[in-house]
Amino acid sequence: MKQRYLPVAILIAVLAVGLALPLATNASAPGFYIEVLLGGLMAGVLYSLVALGFVLIFKASGVFNFAQGAMVLFAALSVARIAEQVPLWAAVLLGIAIMVLLAVVVERLVLRPLVNQEGVVLLMATLGVSYFLDGFGQTVWGSDIYSIELGLSKAPVMILGDLFKGGILINKDDVAAAVVAVLLVAALAVFFQKTATGRALRAVADDHQAAQSIGIPLNRIWVIVWSVAGVVAVVAGMVWGAKLGVQFSISQVALKALPVVILGGFTSIPGAIIGGLIIGVGEKMAEVFLGPVLVRAFDLAGGGIENWFAYVLALLFLLVRPEGLFGERIIDRV
Amino acid sequence: MSAQPRPFVEEAPRGATRRVIGEVILSVEGVSLSFGGVKALSEVSFDVREHEIRAIIGPNGAGKSSMLNVINGVYHPQKGTVRFLGRPRQDVDTHEAAAQGIARTFQSLALFKGMNVLDNIMTGRNLRMKASLLAQAIRFGPAEREELEHRAVVERIIDFLEIQAYRRTPVGRLPYGLQKRVDLGRALAMEPRLLLLDEPMAGMNVEEKQDMCRFILDVNDEFGTTIVLIEHDMGVVMDLSDRVVVLDYGKKIGDGTPEEVRNNPAVVDAYLGVSH
Amino acid sequence: MLYRENGQFKTSYRQDEALLPILQDRVFIWALLALAFLAVPFLASNYLFLSILNPFLIMALAAVGLNLLVGYCGQISIGHAAFMAVGAYAAYNLMLRVPNLSFLVALVLAGLIAAAVGMLFGIPSLRIKGLYLAVATLAAQFFIDWTFARVKWFTNYAPSGSVSTPVLDIFGWRLDTPARKYVFLLAVVTVFTVLARNLVRGHIGRAWMAIRDMDVAAEVIGIRPVYAKLTAFAVSSFYVGIAGALWGFVYLGSWEPLAFNITLSLNLLFMIIIGGMGSITGSFFGALFIVALPIVLDQVPATLGVPLSTAMASHLASMIFGALIVFFLIVEPHGLARLWAIGKEKLRLWPFPH
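Residues numbered from 1 in each chain as written. Chains lettered and ligands numbered in written order. Predicted model: local features only at pLDDT ≥ 70, side-chain atom pairs only at ≥ 80, totals over all residues. Heavy atoms only, no water.

As a further point, take the overall build of chain A. Looking only at helices and strands, one finds 12 helices and 2 strands in chain A. A buried classification covers 50% of the 334 residues belonging to chain A. At a minimum sequence separation of 6, the contacts of chain A that also span at least 24 residues come to 74%. Surface exposure of chain A reaches about 15000 Å², of which carbon and sulfur atoms provide 67%. (Helix = DSSP H or I, 4+ residues; strand = E, 2+ residues; numbered from the N terminus. Buried < 20%, exposed > 50% of the residue type's maximum accessible area, 1.4 Å probe, protein only. Contact = heavy atoms within 4.5 Å. Areas by Shrake-Rupley, 256 points an atom, 1.4 Å probe, with all protein chains shown as cover.)

Okay, here's the thing in structure tokens:
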């Protein structure tokens, strides 16, 4: 039994060592190290927000929603463009309404006809939805770069100047993003644990047929789940959009969120957060500290470790612990 | 077990055939298997002689399918050994078991739904087809000859099972009884020394059962294949088998000829007097 | 009346196992090949070669490769364009560094190198499947992308990271016109398609399909999953590597590091979903569709008097792709190839209703 945990333990140990190395070898000033760490955590929060949507949908319907990134983009676009005409709070509400409508349409047109197919078919169907939504969003809202003004200054702030030489630079909107993420997760936790709908969702996630047999309407549940994921998409879209500007590269973010759910487990909400943080920190650390080492060692044309680090890490996790850190063990029955 | 059921096969009764039952080719020795806390098999031991038909019977959940799974390497027992052709097998995988000459059918029909009948049975010849990738890509020459040679063998099996008309039909479209025949055909294509049949008659009507019994007997007679089968239908068991093993809650409670087993009080108790 | 097997008796297994057992199919294919080889080079315009025919042929080859892995063997890969990159860069480096190397030899060697890399990245398939394997293949895509962009040796230390290739010379025949390139591509693709068709009909093809349909049962038959899956990855990557080399040398002429990115991988996947998974013919349909649709969207609205900006056209293409993927997955998971087969079935009966 203990044998099973050995490879994961080794992997985590290697990662921890890698994390501590720059500090231990004094390759960088502690203040800078903390900055990079915080930067990674903030990026991780953004990934987690997208991954949350994945996990919600997968938990309740077993569908892997490749289109989550496109949904985040679509939500962001909708809010950004509507906010040009009406105050932000109204735009947000309208954005949520649009995402709910989208949830209904997707459930009716895509999910219901494919209800009994295997995971890969559904994955490809959501891939199709993703492409469609990409094109549709840009057709309706346009493909320029739009911005979402959350009223926070973008200027970085210096903190802990007396503890560390030079202090640590952090961005206010990053902090806001982290706060939002925490609030969202808390809200979702309350929703799932305390409300009747939340309980129904958990029942469906556990066992579709059993849930149906006690009268839970599967189709309506899926609409609810996709709507909640849509709300998460709106939040994620706004946070991303405020930070980066709303541009279509956001949908590529969806791909980055895949390693997050691999690490965290497809069915775990805390896993999505922790996985996101690990990926965010790992990427940044690898780019800033490992990158120059590799460039020197192999005479590379620049860094770019960020492009593949998350996926390779996910691959390693897949080989030692496919269910992720917090997911459920997948048992192959004959 | 009250009235003598009418024999399924209107032939000479068992024991009066031309076959000679040979030496032990499979011996199960003290096999124990558990999943987590559940004990599927406890210290089960029996042997199977060459050319015989051995039935494994028992109430539901007795561990019969698990026993077959152990024999062909799907499950690995925690204790005990399985000896095939004298060689002990520890942790042998299913495809190694296949290479050693053990074939099996599944209760839930593990046919390849994406292929037709001919291709399904041809997969049974895979172990014996040796043409390299390049040869197969070119096809002309040695690969073609090998393919035709094995096609001929498979066609004989198709004739034997009387499914010629369905050669090119995707197996998913066939009725259940015919699918079972394809399953059997695929196992036969492996030319196995030992054939494991997991409830070959399940879900069949009387006619289909008679056909399947006939096929099983013919396989045993013509090819001399040793057969181990799990079956619930007592009439079939009594007619077909040379010897019977009875399992209940993972333990062996009976082992002998059909008559011996039928009169064994422990067996009768286990079945609570259910007869077919 | 036209398309009947009536009267075509097979008197040997050899006849039944022919590549094209039905006479009408044989006639059709030979006629098509004759048209393709003898008529098209002289009749088609340069524009047709450059924008549709040549890319279609290369993409069809790549789609066949991907189909072998995904459609026949059931192993998902959403990073397959990376192996096209391997083939392209391998061919480039071979032609660059080995003096007097014939392009055909370089092509096959590049394919073999891509096959080896493909096998390496196929190892995860031995332990994971489905969506998990899909994520693992993404690792291949992004890592290989990065390798070719950053490791300067591969691009011969070019400052921009782009490489360019000379005009090809096949046994003295210079491929300097689109028509000549077309004929070369057609020849290569025809040969490789026949090889693929043979593989799929052989015992390795059946082993792949067995693994796809029910890998547990396949093992019980004696099929070794490791061998089947790794050969699927290897052969698939071989095809895709050759397609990559052809794409770079014959079609593009020069390419930059991200020419073989995730978008291309997803396009390949779309080709086989729309065209038909598990069907060689389907790969051709899918490739033609994906290659032709943007052109159609570009040209047709203009000729109809409805102007469409290029950005708009590409958005529309995205929407149509997405909608069609969902449509085909729901209505006809076996894609256009199945619709074609159904059409032929109906043709057999025509003019009778049943």
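Residue and element names in this part refer to chain B. Bridge count for strand E1 (residues 24-35) against strand E4 (residues 79-84) is 5 bridges, and the pairing is antiparallel. Bridge pairing in E4 places valine 28 opposite valine 82. Relative to strand E5 (residues 87-89), E4 runs antiparallel, the two being bridged by 3 bridges. Bridging from a neighbouring strand, phenylalanine 84 pairs with arginine 87 of E5. Here E4 folds back onto E5, and the loop between the two strands holds 2 residues, one of which, leucine 85, carries a positive phi near 50 degrees. (Pairing = 2+ DSSP bridges.)

Before going further, it helps to examine the nonpolar core. With 261 residues, the main nonpolar core has Phe64 of chain A together with Met84, Leu246 and Phe260 of chain C as its most contacted residues. Among the elements that take part in this core, helix H3 (residues 46-72) of chain C stands out by supplying 16 residues, more than any other. In this structure, methionine 84 of chain C is in contact with Met59, Ala62, Val240, Gly241, Ala243, Gly244, Ala245, Trp247, Phe260, Leu264 and Leu268 of chain C, ignoring residues within four places of it in sequence. Of all hydrophobic cores here, the second largest spans 29 residues; its members include Ile25, Ala62, Val74 and Tyr75 of chain B. (Core = buried A, V, L, I, M, F, W, Y, C linked by side-chain atoms within 4.5 Å.)

All names here are of chain B. On inspection of all chains with the given rule, the structure shows 26 salt bridges over all chains. Linking glutamate 50 and arginine 193 is a salt bridge whose minimum nitrogen-to-oxygen distance equals 3.1 Å. Within this pair, whereas glutamate 50 is found in the loop between strand E2 (38-49) and strand E3 (53-57), its partner arginine 193 is found in the loop between helix H6 (176-189) and strand E7 (194-198), the two being separated by 143 residues in sequence. Linking arginine 214 and glutamate 162 is a salt bridge whose minimum nitrogen-to-oxygen distance equals 3.7 Å. Taken together, the positions of arginine 214 in helix H7 (residues 206-223) and glutamate 162 in the loop between helix H5 (142-161) and H6 put the pair 52 residues apart, joining distant regions of the chain. Judged by relative accessible area, which is 32%, arginine 214 ranks as partly exposed. In this structure, a network of salt bridges that share partners links the residues Asp47, Glu52, Arg54, Arg243, Lys252 and Asp255. (Salt bridge = Lys/Arg side-chain N within 4 Å of Asp/Glu carboxyl O.)

Moving on to a nonpolar patch on the surface. All names here are of chain C. Taken together, the side chains of Phe28, Ile29, Leu32, Leu35 and Trp340 define a hydrophobic patch exposed on the protein surface, amounting to about 460 Å² of accessible area. The element best represented in the nonpolar patch is helix H2 (residues 23-43), accounting for 4 residues. Within the secondary structure, isoleucine 29 sits in helix H2. With relative accessibility at 30%, the residue isoleucine 29 sits in the partly exposed group. (Patch = residues over 30% accessible without salt bridge, like charges linked within 9 Å, V, L, I, M, F, W, Y side chains within 5 Å.)

Our next topic: the confidence of the model for chain B. Residue and element names in this part refer to chain B. Looking at chain B, the pLDDT average stands at 85 and 92% of residues meet or exceed 70. Segment residues 1-16 is flagged for pLDDT under 50; beyond a separation of four residues in sequence, or across chains, it makes 32 contacts in the model. Model confidence for the complex is summarised by a pTM of 0.88, with the ipTM given as 0.85. (pLDDT = per-residue confidence, 0-100.)

Moving on, we come to the environment of tyrosine 182 of chain C. Residue and element names in this part refer to chain C. Note that tyrosine 182 resides in helix H7 (residues 178-201). As a C-alpha pair, tyrosine 182 and alanine 243 span 61 residues in sequence and 14 Å in three-dimensional space. Ignoring any residue separated from it by four or fewer positions in sequence, one finds tyrosine 182 in contact with Ala36, Val40, Pro41, Phe49, Leu53, Asn54 and Leu57.

All names here are of chain B. Burial within E7 is extensive, with 5 of its 5 residues counted as buried. The pairing of strand E6 (residues 102-104) with E7 spans 3 bridges and is parallel. Its bridge partner being in E7, arginine 104 is matched across the sheet by leucine 196. In this sheet, strand E8 (residues 226-230) lies alongside E7 in parallel orientation, the contact comprising 5 bridges. For leucine 195, the partnering residue across the bridge sits in E8 and is isoleucine 227.

Let's shift gears to the sheet that holds E4 of chain B. Residue and element names in this part refer to chain B. If you trace the 4 strands from one edge of the open sheet to the other, you get E2-E1-E4-E5, paired in antiparallel fashion. Where the open sheet ends on each side, the last strands, each with one partner, are E2 and E5. On average, each strand axis in the sheet is tilted by 25 degrees relative to the strand beside it, whichever way the strands run. By the bridge criterion, 8 bridges tie E1 to E2 in an arrangement that is antiparallel. Bridging from a neighbouring strand, valine 24 pairs with arginine 49 of E2. With respect to the sheet, helix H1 (residues 64-71) is in contact with E1, E2, E4 and E5, its orientation differing from that of E1 by roughly 120 degrees. (Axes fitted to C-alpha atoms, helices over the stretch in contact; angles between N-to-C directions.)

This part takes up the interface of chain A and chain C. The interface is formed by 47 residues belonging to chain A together with 41 residues belonging to chain C. Interface of chain A and chain C: buried area, both sides summed, is about 3900 Å²; carbon and sulfur atoms make up 79% of it. Contact with chain C buries surface across chain A, with Met124, Tyr131 and Trp308 of chain A losing the most and accounting together for 17% of the total. The tally of links between chain A and chain C comes to 0 salt bridges. Summed over the shared surface of chain A and chain C, the number is 2 residue pairs in polar contact (both at pLDDT 80 or more). Looking at the side of chain A that touches chain C, the elements with two or more residues in it are helix H4 (88-111), helix H5 (119-141), helix H10 (250-264) and helix H12 (306-320) of chain A. The greatest single-element share of the side of chain A that touches chain C, amounting to 15 residues, is contributed by H5 of chain A. (Buried area = accessible area lost by both parts, 1.4 Å probe. Polar contact = N/O pair within 3.5 Å; in protein donor to acceptor, adjacent residues only side chain to side chain.)

Our next topic: the confidence of the model for chain A. Of the residues in chain A, 85% reach a pLDDT of 70 or more, and the chain-wide mean stands at 78. Across chain A, the element-wise mean pLDDT spans from 67 in strand E1 (residues 156-159) of chain A up to 86 in H12 of chain A.

Any pair of aromatic rings gets described here by the distance separating the centres and the angle formed by the planes. Residues and elements named next belong to chain C. Counted under the stated rule, the structure contains 33 aromatic pairs over all chains. Each ring, one from tryptophan 153 and one from phenylalanine 154, has its centre 5.6 Å from the other, and the planes form 75 degrees; the classification is edge-to-face. Taking the relative accessible area as the measure of exposure, tryptophan 153 reaches 39% and is therefore partly exposed. Overall, the relative accessible area of 21% leaves phenylalanine 154 in the partly exposed class. Between the aromatic rings of phenylalanine 192 and phenylalanine 238, the centroid separation amounts to 6.1 Å while the plane-to-plane angle is 55 degrees, which identifies the pairing as tilted. Separated by 46 residues along the polypeptide, phenylalanine 192 in helix H7 and phenylalanine 238 in helix H9 (residues 225-252) bring together distant segments of the chain. In terms of burial, phenylalanine 192 and phenylalanine 238 fall into one category: buried. (Phe/Tyr/Trp six-rings, centres within 6.5 Å; stacked < 30°, edge-to-face > 60°.)

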